[in-house]
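Reading the structure
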Amino acid sequence: MQKVLIARPIFPDVVERLRQYFEVDWNTGEVLGAEALTQRLADKDGALTAGDTVSAAMLAAAPRLRVVANMAVGYNNFDMDGFNAAHVLATNTPDVLNESTADFGWALMMAAARRMAEAEHWLRGGHWQKWAYDGFLGADIHGSTLGVIGMGRIGQALARRARGFNMQVLYHNRTRVAPAIEAELNAHYVSKEALLQRADHVVLVLPYTPQNHHAIGAAELALMKPNATLTNLARGGIVDDAALADALRHKRIAAAGLDVFEGEPQLNPALLSVPNIVLTPHIASATEATRRAMANLAADNLIAALGEGPNAGRPPNPVNPQVSGRARA
Ligand code: DGY
């Protein structure tokens, strides 16, 4: 029987599915550090990860490993050059999380614009003595301009929701989306600079790559309107968190909503000391149904990539399909 590692606690019924095909080594404890993950991968044919860093050195130390299935759409935790060089297949879990993530992005953007976290902390702190006409005045969402940076499937799901709020939609993306999609979303392609200057609510939904490290830093924040909000649903590292904390403290922008952080689960402490921010622990896809769908899709990928199950040899979501089916050198 082939051996697989499940690197994180996941739904037990998904583990049972994998046990039908494989000898399973399931880590139900703390997140595995690099050394422990290297050891646990060493004798495995496949692995299911959820954001765990998988390096070229780990792949080199795991000569039987043929596939690593990430339970996430993003896979910046994988050294893809290393995967390609070692002929190890990487898979991800796109699409099943689009709508839940877009719902959450909307909630985070609205919470930032309407100062919900700030108001709740104040209320819990026992400060509420009387209603005030100017208590926690925020910014409207309806009728405002949404700026989406990263118009992939989640960005499109976000933009689609803007219709109900009668918003203008601007977007920026590496490549322009098809005219039919632009028309459906009533979305206008603009440069990143124009979007930052014109949008009332900027939402980041682009994948992390070394090229867009700190794509939103002090210079970009300076382009934004003083009453604008910034929401990051994408990945830590796209925003320079220190520059953002500084911009929020000095009210260069009105508010921010962050679900992802540079170096998470550690946070830049400066973010904790500014009031005009909503902070959540990377939960944009966290509904029961969506996380189950992601776990099952990761399992489907693992089972198929290791030549088992009804789709043997045809994993649904290969990231580097050029290595699919190759034996390790
Ligand atoms: C994803 O799927 O990439 C989400 O951010 C969860 O990690």
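Residues numbered from 1 in each chain as written. Predicted model: local features only at pLDDT ≥ 70, side-chain atom pairs only at ≥ 80, totals over all residues. Heavy atoms only, no water.

Reading across from one edge, 8-7-6-9-10-11-12 is the order of the seven strands in this open sheet, with parallel pairing throughout. Unpaired on one side and paired on the other, strand 8 (187–189) and strand 12 (277–279) mark the two borders of the sheet. Across the sheet, the mean angle separating the axes of adjacent strands is 20° when strand polarity is ignored. Here strand 10 (residues 229–232) pairs with strand 11 (residues 255–258) via four bridges, running parallel. Pairing of Asn-232 across the sheet is with Leu-258, part of strand 11. The strands touched by helix 11 (residues 241–249) within the sheet are strand 10, strand 11 and strand 12, with strand 11 carrying the most contacts at an inclination of about 145°. (Pairing = 2+ DSSP bridges. Helix = DSSP H or I, 4+ residues; strand = E, 2+ residues; numbered from the N terminus. Axes fitted to C-alpha atoms, helices over the stretch in contact; angles between N-to-C directions. Contact = heavy atoms within 4.5 Å.)

With that settled, the discussion passes to the site of the ligand. In the neighbourhood of the ligand, the contacting residues comprise Ala-72, Val-73, Gly-74, Leu-97, Arg-235, His-282 and Met-294. With respect to the ligand, the backbone of Gly-74 contributes an N or O atom lying 2.9 Å from an oxygen atom. In this structure, an oxygen atom belonging to the ligand sits 2.7 Å away from a side-chain N or O atom of His-282. For the ligand, whose unbound accessible area comes to 230 Å², protein coverage reaches 83%. In the shell around the ligand, the residues fall into four nonpolar, two polar and one charged. (Near = heavy atom within 4 Å. Polar contact = N/O pair within 3.5 Å; in protein donor to acceptor, adjacent residues only side chain to side chain. Areas by Shrake-Rupley, 256 points an atom, 1.4 Å probe, with all protein chains shown as cover. Nonpolar A, V, L, I, M, F, W, Y, C, P; charged D, E, K, R; others polar.)

Right, let's talk about the sheet that holds strand 3 (residues 46–49) for a bit. The parallel open sheet is built from five strands, whose spatial order is 2-1-3-4-5. Each end of this open sheet is capped by a strand with a single partner; those strands are strand 2 (23–26) and strand 5 (89–91). For this sheet, the mean inter-axis angle between neighbouring strands, taken without regard to orientation, is 15°. As paired strands, strand 1 (residues 3–6) and strand 3 are joined by three bridges and run parallel to one another. Within strand 3, the residue paired with Ile-6 across the bridge is Leu-48. Its contacts with the sheet put helix 2 (residues 34–41) on strand 1, strand 2 and strand 3, and the angle it makes with strand 1 is roughly 155°.

What follows is about the nonpolar core. Judged by nonpolar contacts, the single largest core of 54 residues is most densely connected at Leu-18, Trp-106, Leu-146, Met-151, Leu-233 and Leu-302. At the level of secondary structure, the elements contributing two or more residues to this core comprise strand 1, helix 1 (12–19), strand 4 (67–70), helix 5 (98–113), strand 6 (145–149), helix 7 (153–161), strand 7 (168–172) and helix 13 (288–305). Ranked by residues supplied to this core, first place goes to helix 5 with eight residues. Both domain 1 (3–95 + 288–305) and domain 2 (98–279) contribute no fewer than three residues apiece to this core. Those residues in contact with Leu-233, other than ones at most four positions away along the chain, are Thr-101, Phe-104, Gly-105, Leu-108, Leu-158, Val-203, Leu-204, Val-205, Val-260 and Ala-284. Judged by nonpolar contacts, the second largest core, of 31 residues, contains Leu-196, Ala-215, Ile-216 and Leu-244. (Core = buried A, V, L, I, M, F, W, Y, C linked by side-chain atoms within 4.5 Å. Buried < 20%, exposed > 50% of the residue type's maximum accessible area, 1.4 Å probe, protein only. Domains from an automatic or database assignment.)

Bringing the side chain of Thr-145 into the picture now. Looking at the element boundaries, Thr-145 is found in strand 6. Within polar-contact distance, the side chain of Thr-145 engages the side chain of Gln-168 at 3.4 Å.

One frequent convention defines the size of an interface as the accessible area lost when the parts assemble. If you check the domain split of the protein, you get domain 1 (3–95 + 288–305) and domain 2 (98–279). The C-alpha centroid of domain 2 is placed 31 Å from the C-alpha centroid of domain 1. Interface of domain 1 and domain 2: buried area, both sides summed, is about 530 Å²; carbon and sulfur atoms make up 37% of it. Interface area lost by domain 1 to domain 2 is led by Asn-76, Asp-95 and Thr-290, which between them contribute 77%. For the interface between domain 1 and domain 2, the tally reads one salt bridge. Between Arg-153 and Asp-95 there is a salt bridge whose closest N-O contact spans 3.3 Å. On the surface where domain 1 and domain 2 come into contact, there are four residue pairs in polar contact (both at pLDDT 80 or more). Residue classes in the side of domain 1 that touches domain 2 are distributed as three nonpolar, three polar and one charged. (Buried area = accessible area lost by both parts, 1.4 Å probe. Salt bridge = Lys/Arg side-chain N within 4 Å of Asp/Glu carboxyl O.)

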